[in-house]
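# Overview (structure and organization)
Here is what each chain is made of, one letter per residue.
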Amino acid sequence: MGRLKTITRRSFLIGSVAIAGGVAFGAYVVATPHANPLLEAAGDGEAAITPYVLINASGITLITPRADKGQGAYSVQAALIAEELDVELDQINIDPGPPSPAYWNTALADEAAAFIVPSGGVAERTAHGVLSAVMKTIGMQITGGSTTVPDGFIKLRQAGAAARETLKMAAARETGIAMAELRTEAGRVILPDGSSLSYMELAPAAARITPPQDIALRGPSEWRLIGKPMRRIDIVAKSTGTQSYGIDHAVDGMVHAAIVLNPAQGGPMNGFDASEALAMRGVKDVLQITGGVAVIADNTWRAFQAGQAVRFDWGPAPFPATMDQHWDTLSGSFTGEFEDSRQRDDGDVDISFAEAPGLVSAEYRAPYLAHAPLEPLSAIVRIDTDAAEVWTGTQVPRFVQTNVGKIAGIDPDQVTVHALYMGGSFGHRLEDEVVKQAAEIAVKLKGTPVKLTYSREQDMTHDFPRQIAMARMRGVVRNGQVESYELGIAMPSVVMSQMGRQGMSVPGADSQIVAGAWDQPFAIPHHRVTGYRALQLAPISSWRSVGASTNGFFYNAGLDELIYEAGADPLAERIRLCNDDNARKVLEAVGEMSGWDGALGDGRGRGRGVALTQSFGVHCAEVVEVTSTEAGIRIDKVWVAAEVGTVIDPVNFDNLVKGGVIFGLGHAMNCEITYTDGIADQSNFDAFEGMRMHQCPAIEVRGLENGARVLGIGEPPVPPAAPALAGAIFAATGIRLREMPFSKFVDFA
Amino acid sequence: MRLTVNGTSREVDVEPDMPLLWVLRDELGITGVKYGCGIAQCGACTVHVDGIPVRSCQLAVGDLEGAVTTIEGLGTPGSLHAVQAAWIEHQVAQCGYCQSGQIMSAAALLAENSNPSDADIDDAMSGNLCRCGTYPRIREAIKAAALTLRSA
Ligand code: FES
Ligand code: FES
């Protein structure tokens, strides 16, 4: 990995270029909006080339710029290129490529645009165009929003096809045989007589050819890889302890660092005394950094230990000290003054309420949550006079370049980022604090590589957690049906908090405040969803499924209360209300898979709940079945169906969906971050446990492929898990859960 | 101080209260063993000491008695242990960070009990957290490995 750093970015700006005896293929020219229908989202008339295939004498390297946090993104990206390039996955190397504007994420821009305006309209298309241009300008090579697949599904295959055709052209020139008589297979161009030329041999000739632009992509019936079970390229390494992660990486001459920051996150340090720490074995120095100190030692553990021996005088946190104050802030935000968006307002909720004999109403809460990937964050940074090098697992390599450049006083382009494997993220690595802190240390130790490793406690207490959120529901039922449903959601803006740390603002409403709620596929006669932007509290960040992680619970829980009041069946009434064919099929699928015959509640302690959330364009429905036992609630089984257009790798799909369900259930069961005196109360997995093996239900997964868009599945299984669990617990016990984590109100076996 | 790791005798010069985890990772460069919590809550640091699964973050190296086996000593890409082969066959890993510990716990379970029930698997594996949620595949892979070991 990382060997492409030697290829300058400029070399990507022409179609195919010779590089030390090899050839790099760009995908296509991003031209005018009408020239290439595949690229309308990027259509601002600016030319750019996206490079994904590098062939030289030493082999074939596929560039997979979206980070692999464990979700199999490298394998999926490689498979999309290989599908058209006609190489086998065991013949290629992968490289995440250098941070480059060439790899901007148009799908993420699409998703950001969908935050702001309703789907499908002229306004949406305009916003997409504007945001794509913005994304490109700032070169947001971001991995997030389940966008790796939608972003790459066409452009990566197109890159593979362009490279393949160019290699065939090269072979035709070398041999004098017509292109039509050549075919490609397993990294070779095959001649009519059965002999062949390897792509590596052809690379120098191919480098002199301008790649063709408009190659028809193969149809689904011709796919060799897509839709078939694949073996992940990292699976052997990850099963033998030989996969090296960021935290395992070593650089010659490096020192180990640990940091201690004000436990009241973001609060100032008024003073410290490191005399005891400095006397400890292996400790080289204790340096002041923003908000705390860094201990430099010859071993990670010695650095951790010495950090605990430093004495501090801390100032207070820059946000309210108690949870009551946080909840009061949200509670006071349901007013016109804080209204951020009202993207759904069907029928006339007010008239419907005025005429109704009685209103159903309820309030819901969702806590702060840590990301807590199992690998604590780490980064190695070395800063020299006019260059810097960074080794870390990150989803935002361009931000890393910019921020390290600022700290080192050099240009972002003088910062080389080596993207390393990540032991999970869940959104944690969209932030780059650990890199900035390592750079702050490294700038004081010029020329020495500094490896900063977070302790679990540092990682959890100084995470920027998932947003805290509150919702209020009112509704009316009539004749056994849901007639009117109003949902207001209040939370601080995640986008504002997160982008604010990068010195950016995002104009307009933050539609993450209502994501997973305003755009659900239900035609309720009177229906209104309003987002309220609360004042900023603790700093927050994107957590797997972002706004939908709280709102999927709020929306479905509110709907469940109305359906119950109407005396209807939770699944049947959702299907009746559903106004989207693909969503209805997803609901029908989980009904069929689970043999749904009602929510049970048969007095024997069993209960079922159902929920559907559309997030990131994916309709995902889940049925959860529980039994209330002496030892507590046991989750017996979960059935999941999701519509993703095309399932690229059924094995990875199944694994990711199950993981998403477990993530959603585990946090709903027992996780929260709370603050006392501005200090996080939970600092390790003893107090933030999630789901363990003995609690894990059997999970049955079905991917539906009716939709026209190809979509990612990393996040969409998370939002429906909590409300389906709450519905099941209600059916089993009669206890209505309106606040996460549910362990505050019921025990789990 | 002398210790035996993966069949090799190694000399280290460390304070006796340094956890085995950090001796392995930082002093001996054996990084298959992972740090996840440092307080016996996640199991990422699981190694075998004379075949018994141990949380190496909790074992002071000065208290170590017996030979240490890490994931690297269990099997290699060229010579897989049955549990590793099952892990590959069932494509268990997502991020993979927990899997060294999961595999070491599973291998210890199967060495004791070649036909574990679901409850046995729950007991042996509930100390190993997987934040990515690969538990269903871990369960399948353990059963598959058990079958391989029984018919071997
Ligand atoms: S690091 Fe030892 S149990 Fe977590
Ligand atoms: S595979 Fe990521 S923590 Fe288990």
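Source: prediction; values computed, not measured. Residue numbers here run from 1 along each chain, matching the order of that chain's written sequence. All chains are assigned letters beginning with A, and all ligands numbers beginning with 1, in the order in which they are written. The predicted nature of this model means local features are confined to residues of pLDDT at least 70 and side-chain atom pairs, given and counted, to a pLDDT of 80 or more, with totals for whole chains, interfaces and linings taken over all residues. Only hydrogens and water are set aside when side-chain values are computed; all heavy atoms of the structure are taken into account.

Runs of H or I in DSSP of at least four residues are treated as helices and runs of E of at least two as strands, each being numbered from the N terminus. Scanning chain B for helices and strands turns up six helices and five strands. When the helices and strands of chain B are placed in sequence order, the string is β-β-α-β-β-β-α-α-α-α-α. Principal-axis analysis of the C-alpha atoms gives chain B an extent of 40 × 30 × 25 Å. The 152 residues of chain B split such that 58% are buried. Contacts between residues were defined by any pair of non-hydrogen atoms, one from each residue, lying within 4.5 Å. Taking the intrachain contacts of chain B between residues at least 6 apart in sequence as the baseline, contacts between residues at least 24 apart amount to 54%. Here chain B contributes 10 positively and 17 negatively charged side chains, and the mean placements of these two sets differ by 9 Å. Here's how the labels work: a residue is buried when its accessible area is under 20% of the maximum for its type, exposed when over 50%, partly exposed in between, all with a 1.4 Å probe on protein chains only. Only four residue types enter the charge count, namely Lys and Arg as positive and Asp and Glu as negative; His and the chain termini do not. We put the charge of a Lys on NZ, of an Arg on CZ, of an Asp on CG and of a Glu on CD.

Note on aromatic contacts: the rings of Phe and Tyr and the six-membered ring of Trp form a pair at centre separations within 6.5 Å, being stacked when their planes are under 30 degrees apart, edge-to-face when over 60 apart, and tilted otherwise. Enumeration over the complete set of coordinates arrives at 19 aromatic pairs over all chains. Their ring planes at 85 degrees and their centres at 5.8 Å tell us that Phe304 of chain A and Trp22 of chain B sit as a pair that is edge-to-face. With one member in each of two chains, Phe304 of chain A in helix α8 (residues 300-308) and Trp22 of chain B in helix α1 (residues 20-27) form a pair that bridges those chains. Overall, the relative accessible area of 5% leaves Trp22 of chain B in the buried class. Centroid distance Phe553 of chain A to Phe554 of chain A: 6.0 Å. Interplanar angle 50 degrees. Geometry classified as tilted. Here Phe553 of chain A and Phe554 of chain A have matching classes, each one buried. Counting every residue linked through ring pairs, the aromatic cluster contains Tyr364, Phe553, Phe554 and Phe742 of chain A. Directly above the aromatic system of Trp327 of chain A lies the positively charged group of Arg365 of chain A, at a separation of 4.6 Å from the ring centroid. Just above the ring of Tyr564 of chain A sits the side chain of Arg736 of chain A; from NZ or CZ to the centre is 5.6 Å. A ring is considered to have a charge above it if a Lys NZ or an Arg CZ atom is located within 6 Å of its centre and within 35 degrees of its normal.

Now for the environment of Glu201 of chain A. Residues and elements named next belong to chain A. With respect to the helices and strands, the residue Glu201 is situated in helix α6 (residues 199-206). The partly exposed category is assigned to Glu201, whose relative accessible area is 49%. When the C-alpha positions of Glu201 and Thr550 are compared, they lie 54 Å apart, and in sequence the two are 349 residues distant.

On the side of chain B, 56 residues touch chain A, which itself brings 58 residues to the contact. Here the buried area means the combined drop in accessible surface, using a 1.4 Å probe, for two parts upon being joined, counting both sides. Together chain A and chain B conceal approximately 4700 Å² of surface at their shared face, both sides included; 55% is due to carbon and sulfur atoms. Contact with chain B buries area across many residues of chain A, yet Trp301, Leu374 and Met693 of chain A alone supply 19% of it, more than any other trio. Only one rule defines a salt bridge in this text: a Lys or Arg side-chain nitrogen within 4 Å of an Asp or Glu carboxyl oxygen. Across the contact surface, chain A and chain B share seven salt bridges. One salt bridge connects Asp13 of chain B with Arg281 of chain A, and the closest N-O pair in it is separated by 3.4 Å. N or O atoms within 3.5 Å of each other form a polar contact, as long as, within protein, one can give a hydrogen and the other can take it, and as long as residues adjacent in sequence are counted only when both atoms are side-chain atoms. Counting every contact that joins chain A to chain B gives 32 residue pairs in polar contact (both at pLDDT 80 or more). The set of elements that each furnish at least two residues to the side of chain A that touches chain B consists of α8, α13 (456-461) and α18 (650-670) of chain A. No other element matches the nine residues that α18 of chain A contributes to the side of chain A that touches chain B.

Below, the discussion takes up the environment of Ser455 of chain A. Along the polypeptide, Ser455 of chain A turns up in the loop between β19 (450-453) and α13. The spatial distance from the C-alpha of Ser455 of chain A to the C-alpha of Ala557 of chain A is 37 Å, given a sequence separation of 102 residues. Those residues within four positions of Ser455 of chain A in sequence are excluded, and the remaining contacts are Phe304 of chain A together with Tyr35 of chain B.

This brings us to the packing of helix α15 (residues 547-566) of chain A against helix α16 (residues 570-577) of chain A. All names here are of chain A. As a packed pair, α15 and α16 sit with axes 10 Å apart at the nearest point and diverge in direction by 105 degrees. Judged on the interaxial angle alone, α16 and α15 are roughly perpendicular. For the pair α15 and α16, the contacting residues are Asn556, Leu559, Asp560 and Ile563 in the first and Pro570, Glu573, Arg574 and Leu577 in the second. Classifying every residue of the contact of α15 with α16 gives four nonpolar, one polar and three charged. For helices, the axis comes from a line fit to the C-alpha atoms of the stretch in contact; other axes are also lines fit to C-alpha atoms, and the angle between any two N-to-C directions lies between 0 and 180 degrees. Just so you know how the angles are binned, under 35 degrees is roughly parallel, over 145 roughly antiparallel, 65 to 115 roughly perpendicular, and the rest oblique. As a working rule, the residues Ala, Val, Leu, Ile, Met, Phe, Trp, Tyr, Cys and Pro are called nonpolar, Asp, Glu, Lys and Arg charged, and the rest polar, with Gly in that last group.

At the junction of Met740 of chain A and Pro741 of chain A, the peptide bond is cis and its omega measures out at -5 degrees in the coordinates. A positive phi is found at Val546 of chain A, a non-glycine position, where the angle reads about 50 degrees. For Val546 of chain A, the position within the fold is in the loop between β22 (526-534) and α15. In this structure, Ala40 of chain B is a non-glycine residue whose phi angle is positive, near 65 degrees. With respect to the helices and strands, Ala40 of chain B occurs in the loop between α1 and β3 (46-49). Under the relative-accessibility criterion, Ala40 of chain B is labelled partly exposed at 35%.

Our next topic: the packing of α18 of chain A against helix α6 (residues 135-151) of chain B. Their axes nearest at 9 Å, the elements α18 of chain A and α6 of chain B cross at an angle of 120 degrees. Compared by their axis directions, α18 of chain A and α6 of chain B come out oblique. Taken together, the residues of α6 of chain B that come into contact with α18 of chain A (itself represented by Val651, Asp654, Asn655, Lys658 and Ile662 of chain A) are Tyr135, Pro136, Arg137 and Glu140 of chain B. Tallied by class, residues from the contact of α18 of chain A with α6 of chain B come to four nonpolar, one polar and four charged.

Right, let's get into the sheet that holds strand β6 (residues 183-185) of chain A. Residues and elements named next belong to chain A. DSSP-based pairing: two strands are paired if at least 2 bridges between them are found. One open sheet accounts for three strands, arranged β6-β7-β8; its pairing is antiparallel. The open sheet has two edge strands, β6 and β8 (196-198), and neither has a second partner. Strand after strand, the sheet turns through a mean of 30 degrees between neighbouring axes, direction not considered. When strand β7 (residues 188-190) meets β8, the two strands line up antiparallel, connected through three bridges. The residue of β8 that forms the bridge with Val189 is Leu197. Seen against the sheet, helix α5 (residues 155-175) touches β6, β7 and β8 and runs at an angle of roughly 55 degrees to β7. Across the sheet, α6 lies against β6, β7 and β8, angled at about 75 degrees from β8, the strand it touches most.

Once that is clear, we can look at the pattern of salt bridges. Evaluation of the coordinates by the stated rule reveals 53 salt bridges over all chains. Between Asp384 of chain A and Arg382 of chain A there is a salt bridge; the shortest N-O distance is 3.1 Å. Each of Arg281, Asp298 and Arg302 of chain A together with Asp13, Glu15 and Glu27 of chain B takes part in one network of salt bridges that share partners.

What follows deals with helix α17 (residues 581-594) of chain A. All names here are of chain A. Helix length check: α17, at 14 residues, gives a terminal C-alpha distance of 20 Å against a target of 20 Å (1.5 Å per residue), a fit within 8%. Among all positions in α17, only Ala583, Val586, Leu587, Ala589, Val590, Gly591, Met593 and Ser594 are buried. If you check the start of α17, you find a side-chain oxygen 2.9 Å away from the backbone N of Asn582, and it comes from Asp580. Looking one or two residues past α17, Gly595 carries a phi angle of roughly 60 degrees, positive in sign. By this rule, a helix spans an expected 1.5 Å times one less than how many residues it contains.

With that settled, the discussion passes to the confidence of the model for chain A. All names here are of chain A. Looking at chain A as a whole, its pLDDT mean stands at 87, while 86% of the residues score no less than 70. Considering only residues more than four positions removed or in separate chains, one finds that residues 1-21, a stretch of pLDDT under 50, has 59 contacts. Scored from 0 to 100, pLDDT reflects the predictor's confidence in each residue. Across residues 109-139, where pLDDT falls below 50, the model places 51 contacts with residues more than four positions away in sequence or in other chains.

All names here are of chain A. Within strand β23 (residues 606-615), nine of the ten residues are buried, leaving the element largely enclosed by the surrounding structure. Note that β23 and strand β24 (residues 618-629) share ten bridges and pair antiparallel. Along β24, the bridge assignment pairs Leu612 with Ala621.

Turning to the sheet that holds strand β17 (residues 388-392) of chain A, a few remarks are in order. Where strands meet in a sheet, backbone hydrogen bonds hold them as pairs that are either parallel or antiparallel. All names here are of chain A. If you trace the seven strands from one edge of the open sheet to the other, you get β11-β12-β9-β19-β16-β17-β18, paired in mixed fashion. Because the sheet does not close on itself, it has two edges, and the strands there are β11 (283-289) and β18 (415-419). Within this sheet the neighbouring strands show an average axis-to-axis angle of 20 degrees, counted without direction. As paired elements, strand β16 (residues 378-383) and β17 share five bridges and run antiparallel to each other. Residue Ala379 lies in a different strand from β17, and its bridge partner there is Thr392. The sheet contacts of helix α12 (residues 433-442) involve β9 (255-261), β11, β12 (292-297), β16, β17 and β19, and relative to β16 the element is tilted by about 35 degrees.

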